[in-house]
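Coordinate analysis (summary)
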Amino acid sequence: MSQDFEPEATRRDAGDSESSRASRGWWDRNADEYQNEHGAFLGDDRFVWGPEGLDEAEAGLLGPAGSLKGLDILEIGAGAAQCSRWLAAQGARPVALDLSHRQLQHALRIGGDVPLVEADAGALPFRDGAFDLACSAYGAVPFIADPVKAFQEIRRVLRPGGRWVFSVTHPIRWAFPDEPGPEGLSVAASYFDRTPYVEQDDAGRAVYVEHHRTLGDRVRDVVAGGFRLLDLVEPEWPAWNSHEWGGWSPLRGNLIPGTAIFVCERA
């Protein structure tokens with residue numbers, strides 16, 4: 001399902017519909033390669049917050065594992081639903097949502113009883129107050145043009161006091177080249193340039209879009225979306241992890257943060 005052209009990388013504006021369309025197409029084309037390359041690291045039923053390998057079983061960012069039993073939990077950008085399977089093993093009632101049909105086919109391939117929903121995070125097909133918790137491990141948020149709109153949707157489907165926890169590329173990483181070696185250690189761009197990163201085809205149509213927000217932007221988005229920020233976690237690179245993943249590596253991870261995890265509560 002790989003594309004048969006070499007996209008052009010650029011920085012330009014990209015709105016909601018273009019970003020959503022590009023994300024759906026990119027993940028449908030690349031889901032097989034992604035799961036083949038990273039499936040062993042992610043596991044079939046682990047909840048890993050990012051390339052550093054921070055595991056929810058140890059971090060407890062959703063709450064103590066024992067407290068998850070019986071809770072209705074929405075995983076957004078679930079991919080092959082690895083995190084949802086871990087939640088189900090704790091006795092929770094997760095729903096795995098993803099924009100990509102192909103990613104959800106991998107969820108079916110792995111198996112399990114987790115309900116799968118194909119939908120956009122900006123238009124959730126659930127009633128108000130349907131869930132106790134919502135979570136997303138690098139799913140959806142970095143690819144959304146209007147995060148406040150998405151956060152308001154997530155707030156809508158959460159019950160009062162519901163927790164929303166999501167991880168994204170740490171904003172400081174946008175100032176550095178996306179390289180795991182020494183060439184990725186020198187500042188190459190302005191941290192304050194919010195222009196989206198876009199890969200486009202020969203006709204100028206976006207085939208991949210990722211949106212940069214500063215750390216302050218992310219905090220303001222959380223508040224504007226109707227949440228209180230309880231914690232901001234910047235995982236340190238653990239000694240056991242020798243895995244390279246895109247621009248993430250032990251070399252960079254020991255010097256600059258690669259992931260930011262926002263722990264929020266419905267206001």
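The paragraphs below set out a description of the structure included in this document. (Residues numbered from 1 in each chain as written. Predicted model: local features only at pLDDT ≥ 70, side-chain atom pairs only at ≥ 80, totals over all residues. Heavy atoms only, no water.)

1. Description of helix H4 (residues 101-110)
Three or four residues apart is the spacing at which side chains of an α-helix point the same way, because the helix has 3.6 residues per turn. Applied cut-off: Exposure is judged per residue with a 1.4 Å probe applied to protein chains only, and the accessible area is read against the type maximum: over 50% gives exposed, under 20% gives buried, and values in between give partly exposed. Each helix corresponds to a stretch of at least 4 residues labelled H or I by DSSP, and each strand to a stretch of at least 2 residues labelled E; elements are numbered beginning at the N terminus. What the arc covers is the set of directions going from the helix axis to the C-beta atoms. Here, residues are in contact when the closest pair of their heavy atoms is within 4.5 Å. Distance and chemistry together define a polar contact, namely a pair of N or O atoms within 3.5 Å, with one atom able to donate a hydrogen and the other to accept it when in protein, and with adjacent residues in sequence counting only for side-chain atoms on both sides.
Three or more residues of H4 are buried, namely Gln103, Leu104, His106 and Ala107. Looking down the long axis of H4, one finds its buried residues gathered within 150° of arc, a one-sided arrangement. The outward face of H4, more than 90 degrees from its buried face, is lined by the exposed residues Leu108 and Arg109. Elements that come into contact with the buried residues of H4 comprise helix H1 (16-42), helix H3 (82-89), strand E3 (93-98) and strand E4 (116-118). One side-chain oxygen at the N-terminal end of H4 lies 3.3 Å from the backbone nitrogen of Arg102; it belongs to Ser100. The first or second residue beyond H4 is Gly111, which carries a positive phi of 100°.

2. Observations concerning the nonpolar core
Note on soluble globular proteins: their nonpolar side chains tend to be buried together. Put simply, the rule is: Grouping buried Ala, Val, Leu, Ile, Met, Phe, Trp, Tyr and Cys residues that are joined through side-chain atoms within 4.5 Å yields what is termed a nonpolar core.
Of all hydrophobic cores here, the largest spans 28 residues; its most connected members are Leu74, Phe126, Ile154, Trp164 and Phe166. Listing elements by their share of this core, those giving two or more residues are strand E2 (72-76), E3, strand E5 (131-137), helix H5 (147-157), strand E6 (158-169) and strand E10 (259-266). Beyond its immediate chain neighbours, meaning those up to four positions away, Leu74 contacts Val95, Leu97, Leu124, Phe126, Phe131, Leu133, Ala134, Cys135 and Val157.

3. Thoughts on the packing of H1 against H4
Heads up, the condition is: Each axis is a line fitted through C-alpha atoms, and for a helix only the stretch in contact is used; angles between axes span 0 to 180 degrees, taken between their N-to-C directions.
With their axes 7 Å apart at the nearest point, H1 and H4 run at an angle of 35° to one another. Contacts between H1 and H4 involve Trp27, Asp28, Ala31, Asp32, Tyr34 and Gln35 from the former and His101, Arg102, Gln103, His106 and Arg109 from the latter.

4. A short note on the packing of H5 against helix H6 (residues 215-224)
Which entries qualify depends on this criterion: With respect to orientation, any angle under 35 degrees is reported as roughly parallel, any angle over 145 as roughly antiparallel, any angle of 65 to 115 as roughly perpendicular, and every other angle as oblique. Should the near helix be turned anticlockwise from the far one by less than a right angle, the crossing is left-handed, and should it be turned clockwise, the crossing is right-handed. Each residue is assigned to one class: nonpolar for Ala, Val, Leu, Ile, Met, Phe, Trp, Tyr, Cys and Pro, charged for Asp, Glu, Lys and Arg, and polar for all the others, Gly among them.
Remark: H5 packs on H6, axes separated minimally by 8 Å, with the N-to-C direction vectors making an angle of 40°. Taken together, the axis directions place H5 and H6 in an arrangement best described as oblique. Between H5 and H6 lies a crossing whose hand is right-handed. Counting all contacts with H5, which are made through Pro147, Val148, Phe151 and Gln152, the residues of H6 involved are Arg218, Asp221, Val222 and Ala224. Counted by class, the contact of H5 with H6 contains five nonpolar, one polar and two charged residues.

5. Here's the deal with the packing of aromatic side chains
So the rule is basically this: Only centres within 6.5 Å qualify two rings of Phe, Tyr or Trp (six-membered ring in Trp) as a pair; their planes then separate them into stacked at under 30 degrees, edge-to-face at over 60, and tilted for everything else. Note on geometry: a ring has a charge over it if NZ (lysine) or CZ (arginine) is within 6 Å of the ring centre and within 35 degrees of the ring normal.
Counting across every chain of the model gives 17 aromatic pairs. Considering the side-chain rings of Phe126 and Phe131, the 5.0 Å spacing of their centres and the 90° angle between planes classify their relative orientation as edge-to-face. Overall, the relative accessible area of 18% leaves Phe126 in the buried class. A residue is classified by how much of its surface remains accessible, and Phe131, at 4% relative accessible area, is buried. On the numbers, 5.7 Å between centres and 85° between planes, the contact of Tyr138 with Trp248 is edge-to-face. Taken together, the residues span a long stretch of sequence, with Tyr138 in the loop between E5 and H5 and Trp248 in the loop between strand E9 (227-233) and helix H7 (250-253) at a distance of 110 residues. Its end group placed over the ring of Trp248, Arg173 keeps NZ or CZ at 4.2 Å from the ring centre.

6. A closer look at unusual backbone geometry
The phi angle at Ala81 is positive, at roughly 65°, despite the residue not being glycine. Looking at where Ala81 falls in the secondary structure, it is placed in the loop between E2 and H3. Backbone geometry places Tyr138, a non-glycine residue, at a positive phi of 60°.

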